[in-house]
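Survey of secondary and tertiary structure
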Amino acid sequence: MPCELHVVDAFTRSAFRGNPAAVCILDGPADPSWMQEVAAELKHSETAFVHPTSGGWNLRWFTPEQEVDLCGHATLASAFVLWKTNRVPQGSPVTFETLSGKLSARQEEGWINLDFPATPANAVPPIPGLDKALGSTPLFVGRNRFDVLVELPTASDVCDCEPDMAALAAIPTRGIIVTAASDLTDVDFVSRFFAPAVGVPEDPVTGSAHCCLGPYWGEKLNKTELSGFQCSFRGGSVKVKLAGDRVILGGHAVEIFSGKLLV
């Protein structure tokens, strides 16, 4: 199924930073097994597949190993491509139909803002082996419907973490969000995201994780607008605004490649 293909670095203003996502523009629905093969071939943490519908755009996300219910950076990348290719007029909102319901993207004051569901974590008892796998004793452990959230004592504990990926992969969850209060004046919190169980050892910048991080740090810091930095090797910034049971995730994007998928 030949289709238009783009690669976009999301949640960054600079090429080769942030989180790269592939975006495939389709004419209509495609075979999920084919989409999974494409995602495995491209090997980005997420490949997005977008096609027009009567009410907007259908959007699905695949890691190299499986389809997922929610992804921030590939949604941002998809909206960026639809505006850039004039499939959606500049300044007009983009509405996506997804496995997590309707999501929207808007261009506002130089940012791309995503309207996503908030996914706060509830505290859970210590997970056996988690502290050893992370090399640090958590201050807090919680879960939402996707991930495990772990607060570590310091920002350096997060940014210097070298986890045991095999041990993390054995924990029954999509991913492990590791976070701490920031030691920078213009950033509220830092984080990293490890998801070896779904074929992504470390995701460079994870929008959907900030649906959990926003409510967590908003309550702790008594703030409704926050700035997060994901201190992976590539690094990236996410602006978070709390809006009841929704979060607004703000970021930027840079296109790296455009071409055609031939099969």
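Before going into details, it helps to say that this report is about the structure given with it. (Residues numbered from 1 in each chain as written. Predicted model: local features only at pLDDT ≥ 70, side-chain atom pairs only at ≥ 80, totals over all residues. Heavy atoms only, no water.)

Examining the overall build of the protein chain
Scanning the protein chain from N- to C-terminus turns up six helices and 18 strands. Along the first, second and third principal axes, the C-alpha set of the protein chain runs to 50 × 40 × 30 Å. In the protein chain, which comprises 263 residues, the share counted as buried stands at 55%. Restricting the contact set of the protein chain to residue pairs at least 6 apart, pairs at least 24 apart contribute 62%. (Helix = DSSP H or I, 4+ residues; strand = E, 2+ residues; numbered from the N terminus. Buried < 20%, exposed > 50% of the residue type's maximum accessible area, 1.4 Å probe, protein only. Contact = heavy atoms within 4.5 Å.)

Some remarks on the state of the cysteines
With the rule as written, the count across this model stands at one disulfide. Through a disulfide, Cys159 is tied to Cys231; the S-S separation comes to 2.3 Å. Measuring the twist about the S-S bond at about -100°, one finds the Cys159-Cys231 disulfide to be left-handed. Taken together, the positions of Cys159 in helix H4 (residues 155–159) and Cys231 in the loop between strand S15 (225–230) and strand S16 (236–243) put the pair 72 residues apart, joining distant regions of the chain. Cys3 carries a free sulfur, and the closest cysteine sulfur to it, the one in Cys24, is 4.3 Å from it. (Disulfide = S-S within 2.5 Å.)

Details of helix H6 (residues 210–221)
For H6, the buried fraction is high: nine of the twelve residues fall into the buried class. Looking only at H6, the buried set comprises His210, Cys211, Cys212, Leu213, Gly214, Pro215, Tyr216, Trp217 and Gly218.

Looking at the environment of Pro2
Residue position: Pro2 is located in the segment before strand S1 (3–10). Pro2 sits in the exposed class, given a relative accessible area of 56%. Pro2 has contacts with Leu261, Leu262 and Val263, leaving out every residue within four places of it along the chain.

Topic: helix H2 (residues 73–84)
Under the 1.5 Å per step criterion, the end-to-end length of H2 is 16 Å for twelve residues, consistent within 8% with the ideal 16 Å. Within the sequence span of H2, burial applies to His73, Ala74, Thr75, Leu76, Ala77, Ser78, Ala79, Phe80, Val81, Leu82 and Trp83. (Expected span 1.5 Å × (residues − 1).)

Brief notes about the pairing of strand S8 (residues 111–117)
Counting buried positions over the seven residues of S8 gives five, a clear majority of the element. Here five bridges tie strand S7 (residues 101–108) to S8, and the two strands are oriented antiparallel to one another. Within the sheet, the bridge partner assigned to Arg106 lies in S8 and is Asn113. Where S7 folds back on S8, the antiparallel hairpin that results is connected by two residues, among which Glu109 adopts a positive phi of roughly 50°. As defined by bridge partners, S8 adjoins strand S17 (residues 246–251) across six bridges and the pair is classed as antiparallel. Within S17, the residue paired with Phe116 across the bridge is Val247. (Pairing = 2+ DSSP bridges.)

Here we look at unusual backbone geometry
The backbone of Phe16 shows a phi angle near 70°, a positive value even though the residue is not glycine. Mapped onto the fold, Phe16 is located in the loop between S1 and strand S2 (19–25). The exposed category is assigned to Phe16, whose relative accessible area is 56%. A positive phi angle, near 65°, is found at Asn86, a position not held by glycine.

Here's the deal with the nonpolar core
Core analysis: the biggest nonpolar cluster contains 52 residues, and Trp61 and Val94 have the highest contact counts within it. Per-element accounting of this core gives the leading share, eight residues, to H2. Counting residues in hydrophobic clusters, the runner-up holds 19 residues, among them Val148, Leu168, Ile171 and Val190. (Core = buried A, V, L, I, M, F, W, Y, C linked by side-chain atoms within 4.5 Å.)

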